[in-house]
Amino acid sequence: MDDTPTIADIATALEAWAPPGSAQDYDNVGLQVGDAARGVTRAVLALDATPEVLAEAKAHDAELVVTHHPLLFRPLDGVTADGYVSNLALRFAEAGIGLYSIHTNLDAAPEGVSFALAERLGLTDVGFLDGFADTLYKLAVFVPEDAVDDVRQALADAGAGQIGDYEACAFATEGTGFFAPGADTDPHIGTAGGNVESADERKLEVEVARWALGPVKAALQEAHPYEEMAYDLYPVKQKNSQAGLGALGHLDDPLPLSAFLDRVATRLDAGSLRYVGDPDATVERAAVCGGAGSDFIGTARGAGADAYVTADVTYHEFFDVLGTDGAPEMALIDPGHYETEALTEALLRDRLREHFPRVDWHRTDTTTSPMRTFVPSGDAGDEPS
């Protein structure tokens, strides 16, 4: 029997960890090029899809490339040899190599990109910096007494009832249900066209993330014994503990900012850092967000972070951490977009090796960022007069 996993099998494992529905609405995640039914024996992992990464995949006889950043952010008018994105997509297709991207859904996942960044910088007791709002629903379904355990288990197996580090959370209350079967019905009790019936029931309540609603409702329909089941679905106005952006933790041994800056640069292999902060200030509580996370500067300050590490911070956003006297109230550190996310390659490799140990998972040897840091030699001659 051939136990070679397909691209679809790999996608299923990744999406159980980082559901596509948790991606930002501007994003484009999932299989971008290729046949989901194709078997995979070798794969390349990279932050970005580039011609060099494609060449590596060919050299390794790989059937799949998994990237963090999507090649196809927006629809193409055509897949031709013209233009960087279109040309590269065409070359992947011509080579018969699949391209799968897992982007902001991996940013939002427990133990995702920002959690890996926090671990790399030595933070402990790490949690989400900002949990997702408006993504939780409460499902309340009315179930006959003799079917409660089966329905509750089916809901849990489909992903409902996750609260923090707890799974299969549910609440049940006893009650009596009344109904009159119509002439064309096939009722669980009573007869079609008969009198009003009553049944001992439980009102079973579970929390469900927005992206799990489809499979949870399908599982409910399959497990529920009634021909027509009664249920309510309504939004929960609190933040989701199972998805969010950024991470927040603390250093077991506090550091002066100067030493923390050195740690960030060294551990992220950053050639330079842009930052604002007092080098003598103490860093104990720190926040991080892989990639462009300047939207959470205020969130990090509100969480009491002594330092916030992220990327793509604009000039004016550095002013956002200054107090009324102009002194920084929190250190803000930008090592670079690639530098805060390159660890995603190892994160994916380690995860996928656990699930698919027979596949050769190769982390790219290519630095996929097109940006370079120029350091002047100091030998440029006299300044112009």
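One structure accompanies this document, and this report is about it. None of these values were measured; they are calculated from a predicted model.

Attention shifts here to the overall build of the chain. Along its length, the chain carries eleven helices and 15 strands. Taking the principal axes of its C-alpha atoms as reference, the chain extends roughly 100 × 60 × 40 Å. Considering the chain as a whole, with its 385 residues, one finds that 45% of them fall into the buried category. Put simply, 74% of the contacts in the chain that link residues at least 6 apart link residues at least 24 apart. On the chain, roughly 19,600 Å² of surface is accessible, and the fraction owed to carbon and sulfur atoms is 47%. Taking the average place of the 25 positive charges on the side chains of the chain and the average place of its 65 negative ones, the gap between the two points comes to 3 Å.

Another point: the packing of aromatic side chains. The tally for this structure, following the rule as stated, stands at four aromatic pairs. The interplanar angle of 80 degrees and the centroid separation of 5.0 Å between the aromatic rings of Phe115 and Phe128 together place this pair among those described as edge-to-face. With Phe115 in helix α5 (residues 113-120) and Phe128 in strand β5 (residues 124-132), this pair connects stretches of sequence that are 13 residues apart. Here the two residues Phe115 and Phe128 agree in accessibility, since each one is buried. Ring plane angle 80 degrees and centroid distance 6.4 Å describe the contact between Phe132 and Trp211, whose orientation is recorded as edge-to-face. Placement of the pair is Phe132 in strand β5 and Trp211 in the loop between β8 (197-209) and α7 (213-223), with a sequence separation of 79 residues. When its relative accessible area of 10% is taken as the criterion, Phe132 is described as buried. Lying over the aromatic face of Trp17, Arg351 brings its terminal NZ or CZ to 4.1 Å of the ring centre.

Here we come to the sheet that holds strand β7 (residues 171-179). Ordered in space as β7-β8-β6-β9, the four strands form an open sheet in which the pairing is antiparallel. The two strands at the open ends of the sheet, each matched to only one other strand, are β7 and β9 (231-236). Put simply, the sheet's adjacent strands are angled 30 degrees from each other on average, direction ignored. The sheet contacts of helix α6 (residues 148-157) involve β6 (136-144) and β8, and relative to β8 the element is tilted by about 15 degrees. Packed on one face of the sheet, α7 meets β6, β8 and β9 and runs near 0 degrees to β6.

Turning our attention to the pattern of salt bridges. Applying the stated criterion across every chain, the model contains ten salt bridges. Among the ionic pairs, Glu345 bridges to Arg363, the shortest N-O distance being 2.8 Å. Note that Glu345 is positioned in helix α11 (residues 344-355) and Arg363 in strand β15 (residues 360-363), a separation of 18 residues in sequence. Classification of Glu345 by relative accessible area gives buried; the value is 2%. Salt bridges sharing partners connect three or more residues here, namely Glu145, Glu174 and Arg202.

Before going further, it helps to spend a moment on the sheet that holds β15. Read from one edge of the open sheet, five strands run β1-β4-β3-β2-β15, paired in mixed fashion. Pairing within the sheet leaves two strands with one partner each, and these edge strands are β1 (30-33) and β15. Going from strand to strand, the sheet's axes swing by 25 degrees on average, the running direction of each strand aside. The sheet contact formed by β1 and strand β4 (residues 98-101) spans three bridges and is antiparallel. Across the sheet, the residue bridging to Gly30 is Ser101, located in β4. Contacts between helix α3 (residues 84-95) and the sheet are confined to β1, β3 (64-67) and β4, with β1 contributing the most and set at about 90 degrees to the helix. Across the face of the sheet, α11 comes into contact with β2 (42-46), β3 and β15 while running at roughly 170 degrees to β15.

Put simply, helix α2 (residues 51-59) and α3 touch, their axes get as near as 11 Å, and they point 5 degrees apart. Classed by the angle they form, the pair α2 and α3 counts as roughly parallel. Contact with α2, carried on its side by Pro51, Leu54 and Lys58, involves Tyr84, Leu88, Arg91, Phe92 and Ala95 of α3 and no other residues of that element.

With that settled, the discussion passes to unusual backbone geometry. Even without being glycine, Asp61 reaches a positive phi, approximately 55 degrees. Tracing the chain through its elements places Asp61 in the loop between α2 and β3. Its identity as a non-glycine residue notwithstanding, Asp134 has a phi of 60 degrees, on the positive side. Locating Asp134 in the fold gives a position in the loop between β5 and β6.

So, on to α5. For α5, the buried fraction is high: six of the eight residues fall into the buried class. Buried within α5 are the following residues: Val113, Ser114, Phe115, Ala116, Leu117 and Ala118. For α5, the elements touching its buried residues are α4 (104-107), β5, β10 (240-256), β12 (282-292), α10 (337-341) and α11. Just beyond α5, the residue with positive phi is Gly122, at close to 85 degrees.

Our focus in this paragraph is the pairing of β4. A two-sided burial pattern is seen for β4, the buried positions comprising Gly98 and Tyr100 on one face and Leu99 and Ser101 on the other. Relative to β4, β3 is paired through four bridges, and the arrangement is parallel. Bridge assignment links Val66 to a residue of β4, and that residue is Tyr100.

About the thresholds
- Residues numbered from 1 in each chain as written.
- Predicted model: local features only at pLDDT ≥ 70, side-chain atom pairs only at ≥ 80, totals over all residues.
- Heavy atoms only, no water.
- Helix = DSSP H or I, 4+ residues; strand = E, 2+ residues; numbered from the N terminus.
- Buried < 20%, exposed > 50% of the residue type's maximum accessible area, 1.4 Å probe, protein only.
- Contact = heavy atoms within 4.5 Å.
- Areas by Shrake-Rupley, 256 points an atom, 1.4 Å probe, with all protein chains shown as cover.
- Lys, Arg positive; Asp, Glu negative; His and termini not counted.
- Charge placed at Lys NZ, Arg CZ, Asp CG, Glu CD.
- Phe/Tyr/Trp six-rings, centres within 6.5 Å; stacked < 30°, edge-to-face > 60°.
- Lys NZ or Arg CZ within 6 Å of the ring centre and 35° of its normal.
- Pairing = 2+ DSSP bridges.
- Axes fitted to C-alpha atoms, helices over the stretch in contact; angles between N-to-C directions.
- Salt bridge = Lys/Arg side-chain N within 4 Å of Asp/Glu carboxyl O.
- Parallel < 35°, antiparallel > 145°, perpendicular 65-115°, else oblique.

These figures capture arrangement, not role.
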